[in-house]
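# Structural description and commentary
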Amino acid sequence: MTEGPQPREAVRQMAPYHPPTGGRAGKLRLDFNENTVGCSPKVIEAITQYLTADHLTVYPEYVDAMNELAAFFKVKPEEFAMTNGTDEAIQVLVNTYIDDGDDVLIMRPSYAMYRFYSEVAGGVVREMEYRKDDLSFPIDKFLDALRPETKLVMLANPNNPTGTGIKFEDIRLILETAPDAAVLIDEAYFEFCGVTALPWINKYPNLFVSRTFSKVYGMAAMRCGCIFSNKDNVAWMRKAQSPYSVNMLAAVAARAAVRDSDYVARYVGEVLAARELAYFGLDKLNIPYFKSQANFILFQAGDRAIPIRDALRDRGVLIRDRSYEIPGCVRVTIGTRDQVQRFLTELESLWNK
Ligand SMILES: Cc1ncc(COP(=O)(O)O)c(C=O)c1O
(Lines give C-alpha, C1' and ligand atoms only; values in the text may rest on other atoms or scores of the structure.)
Protein backbone atom coordinates (compact mmCIF):
# COMPACT_ATOMS: atom_id res chain seq x y z
CA MET A 1 0.00 0.00 0.00
CA THR A 2 1.33 3.47 -0.87
CA GLU A 3 1.78 6.16 1.76
CA GLY A 4 -0.48 9.19 2.04
CA PRO A 5 -4.28 9.39 2.03
CA GLN A 6 -6.00 6.06 1.55
CA PRO A 7 -9.16 5.80 -0.59
CA ARG A 8 -12.35 4.40 0.91
CA GLU A 9 -12.75 0.64 0.59
CA ALA A 10 -15.77 1.14 -1.73
CA VAL A 11 -13.63 3.10 -4.18
CA ARG A 12 -10.81 0.59 -3.92
CA GLN A 13 -13.18 -2.27 -4.77
CA MET A 14 -15.23 -0.71 -7.58
CA ALA A 15 -14.77 -1.78 -11.20
CA PRO A 16 -13.03 0.95 -13.25
CA TYR A 17 -15.04 2.58 -16.01
CA HIS A 18 -13.19 3.82 -19.09
CA PRO A 19 -15.49 5.40 -21.66
CA PRO A 20 -13.74 5.25 -25.05
CA THR A 21 -13.61 8.98 -25.67
CA GLY A 22 -11.12 10.87 -27.80
CA GLY A 23 -10.31 10.60 -31.49
CA ARG A 24 -13.96 10.85 -32.55
CA ALA A 25 -13.79 14.19 -34.36
CA GLY A 26 -14.46 14.10 -38.10
CA LYS A 27 -15.78 10.52 -38.02
CA LEU A 28 -19.34 9.33 -38.51
CA ARG A 29 -20.07 8.86 -34.79
CA LEU A 30 -22.54 6.01 -34.47
CA ASP A 31 -21.07 4.88 -31.15
CA PHE A 32 -22.65 6.95 -28.36
CA ASN A 33 -26.34 7.25 -29.28
CA GLU A 34 -25.99 10.99 -29.68
CA ASN A 35 -27.97 13.11 -32.10
CA THR A 36 -25.92 12.75 -35.30
CA VAL A 37 -26.80 16.10 -36.85
CA GLY A 38 -26.50 18.38 -33.84
CA CYS A 39 -28.81 20.51 -31.75
CA SER A 40 -31.34 23.04 -33.00
CA PRO A 41 -29.72 26.22 -34.40
CA LYS A 42 -31.94 28.08 -31.92
CA VAL A 43 -29.93 26.55 -29.08
CA ILE A 44 -26.71 27.95 -30.54
CA GLU A 45 -28.38 31.34 -31.01
CA ALA A 46 -29.52 31.39 -27.38
CA ILE A 47 -26.16 30.35 -25.94
CA THR A 48 -24.35 32.92 -28.08
CA GLN A 49 -26.46 35.71 -26.59
CA TYR A 50 -25.33 34.69 -23.14
CA LEU A 51 -21.63 34.62 -23.99
CA THR A 52 -20.89 37.96 -22.41
CA ALA A 53 -18.62 38.82 -19.49
CA ASP A 54 -21.64 40.10 -17.60
CA HIS A 55 -23.52 36.83 -17.90
CA LEU A 56 -20.48 34.64 -17.25
CA THR A 57 -19.51 36.51 -14.13
CA VAL A 58 -22.50 35.54 -11.97
CA TYR A 59 -23.54 32.23 -10.46
CA PRO A 60 -26.39 30.64 -12.42
CA GLU A 61 -30.00 31.54 -11.64
CA TYR A 62 -32.42 28.78 -12.49
CA VAL A 63 -35.89 30.23 -11.90
CA ASP A 64 -36.76 31.00 -15.53
CA ALA A 65 -35.40 27.69 -16.78
CA MET A 66 -37.24 25.78 -14.04
CA ASN A 67 -40.54 27.48 -14.88
CA GLU A 68 -40.16 26.92 -18.59
CA LEU A 69 -39.09 23.28 -18.24
CA ALA A 70 -41.90 22.63 -15.73
CA ALA A 71 -44.44 23.88 -18.27
CA PHE A 72 -42.86 21.79 -21.01
CA PHE A 73 -42.81 18.57 -18.96
CA LYS A 74 -46.26 19.34 -17.45
CA VAL A 75 -45.06 19.20 -13.85
CA LYS A 76 -44.67 21.77 -11.08
CA PRO A 77 -41.23 23.38 -10.59
CA GLU A 78 -40.96 21.67 -7.20
CA GLU A 79 -41.48 18.25 -8.82
CA PHE A 80 -38.09 18.07 -10.52
CA ALA A 81 -34.43 18.97 -10.23
CA MET A 82 -32.24 20.07 -13.09
CA THR A 83 -29.06 18.03 -13.13
CA ASN A 84 -25.65 17.91 -14.78
CA GLY A 85 -26.82 15.22 -17.21
CA THR A 86 -28.64 12.06 -16.19
CA ASP A 87 -25.37 11.06 -14.59
CA GLU A 88 -25.79 13.63 -11.85
CA ALA A 89 -29.45 12.62 -11.50
CA ILE A 90 -28.30 9.07 -10.77
CA GLN A 91 -25.60 10.32 -8.42
CA VAL A 92 -27.98 12.55 -6.46
CA LEU A 93 -30.56 9.78 -6.24
CA VAL A 94 -27.94 7.34 -4.95
CA ASN A 95 -26.54 9.87 -2.49
CA THR A 96 -30.03 10.61 -1.18
CA TYR A 97 -31.08 6.99 -0.63
CA ILE A 98 -28.03 4.70 -0.42
CA ASP A 99 -25.88 4.01 2.62
CA ASP A 100 -22.96 1.63 2.89
CA GLY A 101 -24.17 -1.95 2.37
CA ASP A 102 -27.63 -1.06 1.00
CA ASP A 103 -29.24 -3.31 -1.59
CA VAL A 104 -29.45 -1.91 -5.15
CA LEU A 105 -31.14 -3.89 -7.94
CA ILE A 106 -30.33 -3.18 -11.59
CA MET A 107 -30.30 -5.02 -14.93
CA ARG A 108 -27.45 -6.41 -17.01
CA PRO A 109 -26.60 -5.20 -19.53
CA SER A 110 -27.71 -1.65 -18.90
CA TYR A 111 -26.33 1.83 -18.44
CA ALA A 112 -22.98 1.58 -16.64
CA MET A 113 -23.51 4.54 -14.33
CA TYR A 114 -26.14 2.78 -12.19
CA ARG A 115 -23.49 0.40 -10.91
CA PHE A 116 -20.80 3.09 -10.88
CA TYR A 117 -22.51 5.55 -8.52
CA SER A 118 -23.99 2.78 -6.35
CA GLU A 119 -20.55 1.31 -5.83
CA VAL A 120 -18.96 4.68 -5.06
CA ALA A 121 -21.59 5.11 -2.34
CA GLY A 122 -20.84 1.64 -0.92
CA GLY A 123 -24.13 0.09 -2.07
CA VAL A 124 -24.31 -3.63 -2.80
CA VAL A 125 -25.36 -4.06 -6.41
CA ARG A 126 -27.32 -7.08 -7.62
CA GLU A 127 -27.90 -7.53 -11.33
CA MET A 128 -30.65 -9.42 -13.14
CA GLU A 129 -30.16 -10.46 -16.75
CA TYR A 130 -32.30 -9.61 -19.76
CA ARG A 131 -33.86 -12.71 -21.35
CA LYS A 132 -31.27 -14.41 -23.50
CA ASP A 133 -33.41 -15.10 -26.58
CA ASP A 134 -34.95 -11.69 -27.27
CA LEU A 135 -33.38 -9.43 -24.60
CA SER A 136 -36.83 -8.65 -23.24
CA PHE A 137 -37.35 -7.61 -19.62
CA PRO A 138 -37.82 -10.65 -17.31
CA ILE A 139 -40.58 -9.25 -15.12
CA ASP A 140 -41.28 -12.42 -13.10
CA LYS A 141 -37.65 -12.94 -12.16
CA PHE A 142 -37.25 -9.25 -11.42
CA LEU A 143 -40.23 -9.20 -9.05
CA ASP A 144 -38.83 -12.30 -7.31
CA ALA A 145 -35.48 -10.56 -6.88
CA LEU A 146 -36.98 -7.54 -5.10
CA ARG A 147 -36.45 -7.77 -1.34
CA PRO A 148 -38.13 -5.84 1.47
CA GLU A 149 -34.71 -4.28 2.20
CA THR A 150 -34.07 -3.24 -1.45
CA LYS A 151 -33.40 0.51 -1.33
CA LEU A 152 -32.98 1.41 -4.97
CA VAL A 153 -34.01 0.06 -8.38
CA MET A 154 -32.65 1.66 -11.56
CA LEU A 155 -34.05 0.74 -14.97
CA ALA A 156 -33.59 2.29 -18.39
CA ASN A 157 -36.73 2.37 -20.53
CA PRO A 158 -35.97 1.78 -23.36
CA ASN A 159 -32.78 0.10 -22.24
CA ASN A 160 -29.27 0.77 -23.49
CA PRO A 161 -27.74 -1.27 -25.14
CA THR A 162 -30.57 -3.75 -25.77
CA GLY A 163 -33.07 -1.24 -27.18
CA THR A 164 -35.87 -3.19 -25.52
CA GLY A 165 -38.62 -1.57 -23.44
CA ILE A 166 -40.47 -2.37 -20.23
CA LYS A 167 -44.26 -2.52 -20.38
CA PHE A 168 -46.35 -0.03 -18.37
CA GLU A 169 -47.93 -2.89 -16.53
CA ASP A 170 -44.52 -4.23 -15.50
CA ILE A 171 -43.40 -0.83 -14.21
CA ARG A 172 -46.58 -0.65 -12.17
CA LEU A 173 -45.93 -4.12 -10.71
CA ILE A 174 -42.39 -3.12 -9.69
CA LEU A 175 -43.59 0.10 -8.06
CA GLU A 176 -46.27 -1.78 -6.13
CA THR A 177 -44.02 -4.69 -5.14
CA ALA A 178 -41.23 -2.47 -3.77
CA PRO A 179 -43.03 0.43 -2.05
CA ASP A 180 -40.00 1.23 0.15
CA ALA A 181 -37.46 1.27 -2.67
CA ALA A 182 -36.72 4.33 -4.78
CA VAL A 183 -37.48 3.22 -8.36
CA LEU A 184 -35.79 5.18 -11.15
CA ILE A 185 -37.13 4.88 -14.68
CA ASP A 186 -34.41 6.41 -16.85
CA GLU A 187 -36.09 7.70 -19.99
CA ALA A 188 -32.99 8.94 -21.85
CA TYR A 189 -34.46 7.63 -25.14
CA PHE A 190 -38.13 8.48 -24.43
CA GLU A 191 -38.61 10.61 -27.54
CA PHE A 192 -37.97 7.62 -29.83
CA CYS A 193 -40.65 5.44 -28.22
CA GLY A 194 -43.15 7.73 -26.51
CA VAL A 195 -43.63 5.51 -23.45
CA THR A 196 -43.29 7.41 -20.17
CA ALA A 197 -43.98 6.93 -16.49
CA LEU A 198 -43.74 10.68 -15.85
CA PRO A 199 -47.50 11.24 -15.33
CA TRP A 200 -47.35 8.77 -12.41
CA ILE A 201 -45.00 10.73 -10.13
CA ASN A 202 -47.85 11.74 -7.84
CA LYS A 203 -49.50 8.34 -7.98
CA TYR A 204 -46.53 6.24 -6.82
CA PRO A 205 -44.53 7.76 -3.95
CA ASN A 206 -41.49 5.65 -4.84
CA LEU A 207 -41.27 6.66 -8.53
CA PHE A 208 -38.44 8.75 -10.00
CA VAL A 209 -38.15 9.50 -13.72
CA SER A 210 -35.16 10.98 -15.51
CA ARG A 211 -34.83 12.68 -18.89
CA THR A 212 -31.81 14.08 -20.69
CA PHE A 213 -30.84 16.73 -23.20
CA SER A 214 -27.90 14.57 -24.34
CA LYS A 215 -29.66 12.35 -26.86
CA VAL A 216 -32.44 13.57 -29.14
CA TYR A 217 -31.73 17.23 -28.27
CA GLY A 218 -28.12 16.94 -29.43
CA MET A 219 -26.62 18.59 -26.35
CA ALA A 220 -24.47 15.88 -24.74
CA ALA A 221 -21.61 18.33 -24.26
CA MET A 222 -23.81 20.71 -22.27
CA ARG A 223 -24.49 18.06 -19.59
CA CYS A 224 -28.11 18.76 -18.78
CA GLY A 225 -30.86 16.49 -17.55
CA CYS A 226 -33.80 16.38 -15.15
CA ILE A 227 -35.03 14.07 -12.44
CA PHE A 228 -38.73 14.09 -11.55
CA SER A 229 -40.64 12.79 -8.54
CA ASN A 230 -43.20 14.01 -6.02
CA LYS A 231 -42.28 17.27 -4.29
CA ASP A 232 -41.23 15.64 -1.01
CA ASN A 233 -38.74 13.32 -2.71
CA VAL A 234 -37.45 16.18 -4.86
CA ALA A 235 -36.90 18.32 -1.76
CA TRP A 236 -34.69 15.55 -0.27
CA MET A 237 -32.72 15.21 -3.49
CA ARG A 238 -32.19 18.94 -3.80
CA LYS A 239 -30.87 18.92 -0.26
CA ALA A 240 -28.24 16.37 -1.37
CA GLN A 241 -27.39 18.20 -4.61
CA SER A 242 -24.72 20.85 -4.99
CA PRO A 243 -26.38 24.21 -5.63
CA TYR A 244 -24.75 25.14 -8.97
CA SER A 245 -24.07 21.83 -10.67
CA VAL A 246 -25.89 22.91 -13.86
CA ASN A 247 -24.02 25.72 -15.56
CA MET A 248 -25.83 28.80 -16.84
CA LEU A 249 -25.25 28.00 -20.54
CA ALA A 250 -26.75 24.53 -20.10
CA ALA A 251 -29.86 26.02 -18.49
CA VAL A 252 -30.17 28.56 -21.33
CA ALA A 253 -29.67 25.81 -23.91
CA ALA A 254 -32.33 23.58 -22.32
CA ARG A 255 -34.89 26.39 -22.48
CA ALA A 256 -34.15 27.06 -26.14
CA ALA A 257 -34.22 23.33 -26.91
CA VAL A 258 -37.73 22.71 -25.56
CA ARG A 259 -39.03 25.75 -27.45
CA ASP A 260 -37.99 24.18 -30.76
CA SER A 261 -40.12 21.07 -30.56
CA ASP A 262 -40.47 20.95 -34.37
CA TYR A 263 -36.74 20.37 -34.68
CA VAL A 264 -36.89 17.42 -32.30
CA ALA A 265 -39.99 15.97 -33.98
CA ARG A 266 -38.30 16.14 -37.39
CA TYR A 267 -35.18 14.40 -36.08
CA VAL A 268 -37.21 11.64 -34.43
CA GLY A 269 -39.09 11.11 -37.71
CA GLU A 270 -35.82 10.83 -39.60
CA VAL A 271 -34.34 8.37 -37.09
CA LEU A 272 -37.41 6.13 -37.16
CA ALA A 273 -37.23 5.99 -40.97
CA ALA A 274 -33.48 5.34 -40.80
CA ARG A 275 -34.02 2.55 -38.28
CA GLU A 276 -36.28 0.75 -40.79
CA LEU A 277 -33.57 1.18 -43.41
CA ALA A 278 -31.03 -0.32 -41.01
CA TYR A 279 -33.29 -3.35 -40.34
CA PHE A 280 -33.69 -3.82 -44.06
CA GLY A 281 -29.93 -3.62 -44.67
CA LEU A 282 -29.10 -6.03 -41.84
CA ASP A 283 -31.77 -8.46 -43.10
CA LYS A 284 -30.21 -8.32 -46.55
CA LEU A 285 -26.86 -9.32 -45.08
CA ASN A 286 -28.51 -12.01 -42.94
CA ILE A 287 -27.18 -10.36 -39.79
CA PRO A 288 -29.38 -11.03 -36.75
CA TYR A 289 -30.38 -8.02 -34.64
CA PHE A 290 -32.73 -7.05 -31.83
CA LYS A 291 -35.66 -4.75 -32.65
CA SER A 292 -35.12 -1.47 -30.88
CA GLN A 293 -37.35 1.20 -29.38
CA ALA A 294 -34.51 3.72 -29.36
CA ASN A 295 -31.99 5.40 -31.70
CA PHE A 296 -29.63 2.44 -31.81
CA ILE A 297 -29.65 -1.22 -32.79
CA LEU A 298 -27.75 -4.08 -31.24
CA PHE A 299 -26.72 -6.64 -33.85
CA GLN A 300 -24.93 -9.97 -33.87
CA ALA A 301 -21.56 -9.97 -35.51
CA GLY A 302 -20.43 -13.20 -33.81
CA ASP A 303 -16.68 -13.62 -33.55
CA ARG A 304 -16.28 -10.68 -35.94
CA ALA A 305 -17.63 -8.11 -33.49
CA ILE A 306 -14.30 -6.47 -32.68
CA PRO A 307 -12.70 -6.86 -36.15
CA ILE A 308 -15.81 -5.32 -37.75
CA ARG A 309 -15.81 -2.46 -35.27
CA ASP A 310 -12.12 -1.81 -35.98
CA ALA A 311 -12.44 -2.09 -39.76
CA LEU A 312 -15.38 0.34 -39.75
CA ARG A 313 -13.35 2.75 -37.64
CA ASP A 314 -10.55 2.60 -40.22
CA ARG A 315 -13.17 3.69 -42.76
CA GLY A 316 -14.34 6.57 -40.60
CA VAL A 317 -17.47 4.97 -39.10
CA LEU A 318 -17.60 4.49 -35.32
CA ILE A 319 -19.81 1.85 -33.70
CA ARG A 320 -19.62 0.38 -30.18
CA ASP A 321 -18.52 -3.09 -29.22
CA ARG A 322 -20.81 -4.69 -26.61
CA SER A 323 -19.53 -8.24 -27.01
CA TYR A 324 -18.03 -8.11 -23.50
CA GLU A 325 -21.56 -8.18 -22.11
CA ILE A 326 -23.61 -9.88 -24.85
CA PRO A 327 -21.40 -12.27 -26.80
CA GLY A 328 -20.91 -11.26 -30.44
CA CYS A 329 -22.95 -8.06 -30.20
CA VAL A 330 -22.14 -4.58 -31.42
CA ARG A 331 -24.32 -1.48 -31.20
CA VAL A 332 -24.85 1.05 -33.94
CA THR A 333 -26.47 4.43 -33.35
CA ILE A 334 -29.16 5.33 -35.85
CA GLY A 335 -28.84 8.80 -37.36
CA THR A 336 -30.19 10.00 -40.69
CA ARG A 337 -30.99 7.70 -43.63
CA ASP A 338 -27.88 8.94 -45.44
CA GLN A 339 -25.69 8.12 -42.45
CA VAL A 340 -27.25 4.68 -42.03
CA GLN A 341 -26.78 4.06 -45.74
CA ARG A 342 -23.09 4.90 -45.44
CA PHE A 343 -22.76 2.51 -42.49
CA LEU A 344 -24.56 -0.25 -44.41
CA THR A 345 -22.46 0.24 -47.51
CA GLU A 346 -19.23 -0.02 -45.51
CA LEU A 347 -20.56 -2.97 -43.52
CA GLU A 348 -21.62 -4.81 -46.65
CA SER A 349 -18.19 -4.43 -48.24
CA LEU A 350 -16.55 -5.83 -45.10
CA TRP A 351 -19.09 -8.51 -44.31
CA ASN A 352 -18.82 -10.41 -47.57
CA LYS A 353 -15.03 -10.36 -47.64
C1 LIG B 1 -29.87 4.79 -20.45
C2 LIG B 1 -29.02 6.00 -20.40
N3 LIG B 1 -29.18 6.89 -19.43
C4 LIG B 1 -28.43 8.00 -19.35
C5 LIG B 1 -27.42 8.23 -20.27
C6 LIG B 1 -26.51 9.44 -20.15
O7 LIG B 1 -27.18 10.56 -20.10
P8 LIG B 1 -26.50 11.96 -19.74
O9 LIG B 1 -25.64 12.35 -20.87
O10 LIG B 1 -27.73 12.78 -19.57
O11 LIG B 1 -25.72 11.83 -18.46
C12 LIG B 1 -27.19 7.33 -21.29
C13 LIG B 1 -26.10 7.60 -22.26
O14 LIG B 1 -25.61 6.78 -22.95
C15 LIG B 1 -28.01 6.20 -21.36
O16 LIG B 1 -27.82 5.29 -22.33
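Here the structure is shown first, and the text comes after it.
For the structure given in this document, a descriptive report is provided here. (Residues numbered from 1 in each chain as written. Predicted model: local features only at pLDDT ≥ 70, side-chain atom pairs only at ≥ 80, totals over all residues.)

Moving on to the sheet that holds strand β8 (residues 225-228). Strand order in the open sheet formed by 7 strands is β2-β8-β7-β6-β5-β3-β4, and the pairing between neighbours is mixed. Both outer strands of the open sheet, β2 (80-83) and β4 (124-129), are each paired with one neighbouring strand and no more. Taken over all neighbouring pairs, the strand axes of this sheet differ in orientation by 20° on average, direction set aside. Bridging between β2 and β8 involves 4 bridges; their strand directions are antiparallel. Bridge assignment links M82 to a residue of β8, and that residue is C226. The strands touched by helix α5 (residues 85-97) within the sheet are β2, β5 (150-156), β6 (182-186), β7 (207-212) and β8, with β8 carrying the most contacts at an inclination of about 35°. (Pairing = 2+ DSSP bridges. Helix = DSSP H or I, 4+ residues; strand = E, 2+ residues; numbered from the N terminus. Axes fitted to C-alpha atoms, helices over the stretch in contact; angles between N-to-C directions. Contact = placed C-beta atoms within 7 Å.)

Take the site of the ligand next. Taken together, 13 residues sit near the ligand, with G85, T86, N160, T212 and S214 positioned nearest. With 3 residues, the single largest contributor to the shell around the ligand is α5. (Near = placed C-beta within 6 Å.)

This part is about the sheet that holds strand β9 (residues 289-290). Here we have 4 strands laid out as an open sheet, ordered β9-β10-β13-β12, and antiparallel in their pairing. Bordering the open sheet on either side are β9 and β12 (320-321), each of which pairs with just one other strand. Bridge count for strand β10 (residues 296-300) against strand β13 (residues 329-333) is 5 bridges, and the pairing is antiparallel. In the sheet register, L298 faces β13, and the bridge partner there is R331. Those strands touched by helix α12 (residues 305-314) are β12 and β13, and its axis lies near 30° from that of β13.

Another aspect to go through is the pairing of β13. Counting buried residues along β13, 5 of its 5 residues qualify, which places the element largely inside the surrounding structure. Every second residue of β13 is oriented toward a common face, with C329, R331 and T333 on one face and V330 and V332 on the other, all of them buried. Across 2 bridges, the pairing between β12 and β13 is antiparallel. Looking across to β13, one finds that R320 is bridged to R331. (Buried ≥ 20, exposed ≤ 12 C-beta atoms within 10 Å, placed from the backbone.)

The next thing to look at is unusual backbone geometry. Of note, the amide linkage connecting R108 to P109 takes the cis form, showing an omega dihedral of -5°. Mapped onto the elements of the fold, P109 is located in the loop between β3 (103-108) and α6 (112-120). A cis amide bond links N160 to the next residue, P161, at an omega of 15°. For R223, which is not a glycine, the phi torsion comes out positive at approximately 60°. Structurally, R223 can be placed in the loop between β7 and β8. Residue R223 is classed as partly exposed on the basis of its C-beta count, with 19 C-beta atoms lying within 10 Å. Of note in the backbone geometry, N286 takes a positive phi value of approximately 60° without being a glycine. Among the structural elements, N286 can be located in the loop between α11 (261-284) and β9. Classification of N286 by C-beta neighbours within 10 Å gives exposed; the count is 7.

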